[in-house]
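Here are the chains, one letter per residue:
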Amino acid sequence: MQPERTELPAGPAGLPVPPRGGARARAAWLRLHGVGPIVGLVALCVAGTALNSDFATVANGMNVLTRTAFIGIIAVGMCFVIISGGIDLSVGSMAALIAGGVILLMNALGGHGLAPWLTVVLGAAFAVGLGALFGLAHGLLITRGRIEPFIVTLGTLGIFRAYLTYLSDGGAITLDNTLADAYAPVYYGAVLNVPIPVWIFLIVAVLGALILNRTAYGRYVQAIGSNEQVARYAAVNVDRVKLLTYALLGVCVGIATLLYVPRLGSASPTTGLLWELEAIAAVIVGGTALKGGSGSVAGTVIGAILLSVIGNILNLTSIISVYLNAAVQGAVIIVVAFMQRRKR
């Protein structure tokens, strides 16, 4: 005797409808996953305040946001790349080489008697242009050369840092003092008591969110990450979209580098070390799927702030050594990736 079969009720087009309880549980899990980064950030802020009263001060909050700006801006560009199904491991080395190139250019222009403010403007344009050029190079190698993004950016990771080491002769490239004074307000200045890097981070994030959610290009990025072959069948110019995506990330790296250079006034072979880990971690913690197809700029911003808060709490409380910050970030990536697997 065969066991009695239980038929599911038929839905549209005769397809079976899953049990309501399972659908509700899945919807509840998805909502929890969506608000998870916000809940985690709030919980961290509460814990940080309990561990050290200095954590909840306005000055510390501005400090956290200012330090988040560098990685947060890069993470916005990385969000587009990961949603499209790609990856970029070279952003830290790229930032280091851009910083070195900008300082060399500004020193050369300043040596020819150019006004300091004009030198800074030209240096800024050079940084953004060089970042876009590096991003286009990545895009061409990936789309035309048909090489995996992981391999391309792993190779350029070494190339960029090696060239900076060559240009600096293994030491540091330092910005001229006069130019450093003219450049300092870019990092240390404030508007309405909010540091300029925070304002620039906010502008980049808002523009990124609008591009991703309100333009055809943003929809194409998500479509390619979901299923590249289907996107091709839908007449999406996949190669051009990927090219623009890596160029956008390069521009974000250039902007972040502009904010970072006046902080130290120099570039060395250790500049931007592990920035790629922090940027990727911010994107993943913010809820973007590692395999692409879905994600948000807002989640990425929250993820970047959350990681900065973790580092800030470790610095203020000395729970563990500050040298283990990268280990904590790596562990966060693994845990979130596991949670995403459970979600799928």
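For the structure, see preceding data.
The rules behind these values
Residues numbered from 1 in each chain as written. Predicted model: local features only at pLDDT ≥ 70, side-chain atom pairs only at ≥ 80, totals over all residues. Heavy atoms only, no water. Core = buried A, V, L, I, M, F, W, Y, C linked by side-chain atoms within 4.5 Å. Buried < 20%, exposed > 50% of the residue type's maximum accessible area, 1.4 Å probe, protein only. Helix = DSSP H or I, 4+ residues; strand = E, 2+ residues; numbered from the N terminus. Contact = heavy atoms within 4.5 Å. Salt bridge = Lys/Arg side-chain N within 4 Å of Asp/Glu carboxyl O. Polar contact = N/O pair within 3.5 Å; in protein donor to acceptor, adjacent residues only side chain to side chain. Phe/Tyr/Trp six-rings, centres within 6.5 Å; stacked < 30°, edge-to-face > 60°. Expected span 1.5 Å × (residues − 1). Arc of directions from axis to C-beta.

Undergrad: What is the right way to look at the nonpolar core in this model?
TA: As a rule of thumb, nonpolar side chains are buried together in soluble globular proteins. Core analysis: the biggest nonpolar cluster contains 83 residues, and Ile74, Met78, Ile98, Val253 and Val297 have the highest contact counts within it. Counting residues per element, this core draws most heavily on helix 2 (residues 58-83), at 14 residues. When residues no more than four places from it in sequence are discounted, the contact partners of Met78 are Asp88, Val91, Leu249, Ala279, Ile280 and Val283.

Undergrad: I keep staring at the pattern of salt bridges and nothing clicks. Help me out?
TA: Where side chains of opposite charge bring their charged atoms close, a pairing between them can arise. Throughout the structure, instances matching the rule amount to four salt bridges. Put simply, Arg146 and Asp239 hold a salt bridge, and the shortest N to O gap is 3.3 Å. Remark: Asp239 occurs in helix 11 (residues 238-264) and Arg146 occurs in the loop between helix 4 (116-143) and helix 5 (149-167); sequence separation between them is 93 residues. Using a relative accessible area of 57% as the deciding quantity, one classes Arg146 as exposed. Residue Asp239 is classed as buried on the basis of its relative accessible area, which comes to 14%. Residue Lys242 is joined to Glu228 by a salt bridge in which the shortest nitrogen-to-oxygen separation is 2.9 Å. Highlighted residues: Lys242 in helix 11 and Glu228 in helix 10 (residues 228-233), separated in sequence by 14 residues. On the basis of relative accessibility, which here comes to 15%, the residue Lys242 falls in the buried class. Take Glu228: its relative accessible area is 29%, and that puts it in the partly exposed class. Within this structure, Arg146, Glu228, Arg232, Asp239 and Lys242 form a network of salt bridges that share partners.

Undergrad: Could you clarify how one ought to interpret the environment of Asn312 in this entry?
TA: Relative to the helices and strands, Asn312 is located in helix 13 (residues 297-317). Each residue touching Asn312, except ones within four places of it in the same chain, is listed here: Phe55, Asn60, Asn63 and Val64. Only 2.9 Å separates the side chain of Asn312 from the side chain of Asn60, close enough to count as a polar contact.

Undergrad: Got a minute to help me understand the packing of aromatic side chains in this structure?
TA: Each aromatic ring pair is characterised by the separation of its centres together with the angle its planes make. For the coordinates displayed, the defined rule picks out seven aromatic pairs. For the ring pair Phe70 and Tyr187, a centre distance of 5.9 Å and an interplane angle of 15° mean the geometry is stacked. Of this pair, Phe70 sits in helix 2 while Tyr187 sits in helix 7 (residues 185-188), placing them 117 residues apart in sequence. Ring geometry for Phe70 against Tyr260: centres 5.4 Å apart, planes inclined by 85°, an arrangement best described as edge-to-face. Here Phe70, found in helix 2, pairs with Tyr260, found in helix 11; they are 190 residues apart in sequence, far enough to count as distant. Judged by relative accessible area, which is 3%, Phe70 ranks as buried. Through pairs of rings, three or more aromatic residues link up here, namely Phe70, Tyr187, Tyr188, Tyr260 and Trp275.

Undergrad: What exactly am I supposed to notice about helix 5 here?
TA: Residues spaced three or four apart along an α-helix face the same direction, because each turn holds 3.6 residues. A rise of 1.5 Å per residue sets the reference length of helix 5, with its 19 residues, at 27 Å; its end C-alpha atoms lie 27 Å apart and thus fit the reference within 8%. Every buried residue of helix 5 is accounted for by Pro149, Val152, Thr153, Thr156, Phe160, Arg161 and Leu164. Looking straight down helix 5, one finds that the buried residues subtend no more than 145° of arc, so they occupy a single side. On its buried face, helix 5 sits against helix 3 (91-111), helix 4, strand 1 (173-174) and helix 11. Phi turns positive, to about 55°, at Asp169, one or two residues after helix 5.

Undergrad: Could you clarify how one ought to interpret the side chain of Thr271 in this entry?
TA: Counting through the fold element by element, Thr271 comes out in the loop between strand 4 (266-267) and helix 12 (275-285). Using a relative accessible area of 6% as the deciding quantity, one classes Thr271 as buried. A distance of 2.9 Å separates a polar side-chain atom of Thr271 from the backbone nitrogen of Ser268. Filtering out sequence-adjacent residues up to four positions away, Thr271 remains in contact with Gly92, Ala96, Arg161, Tyr260 and Ser266.

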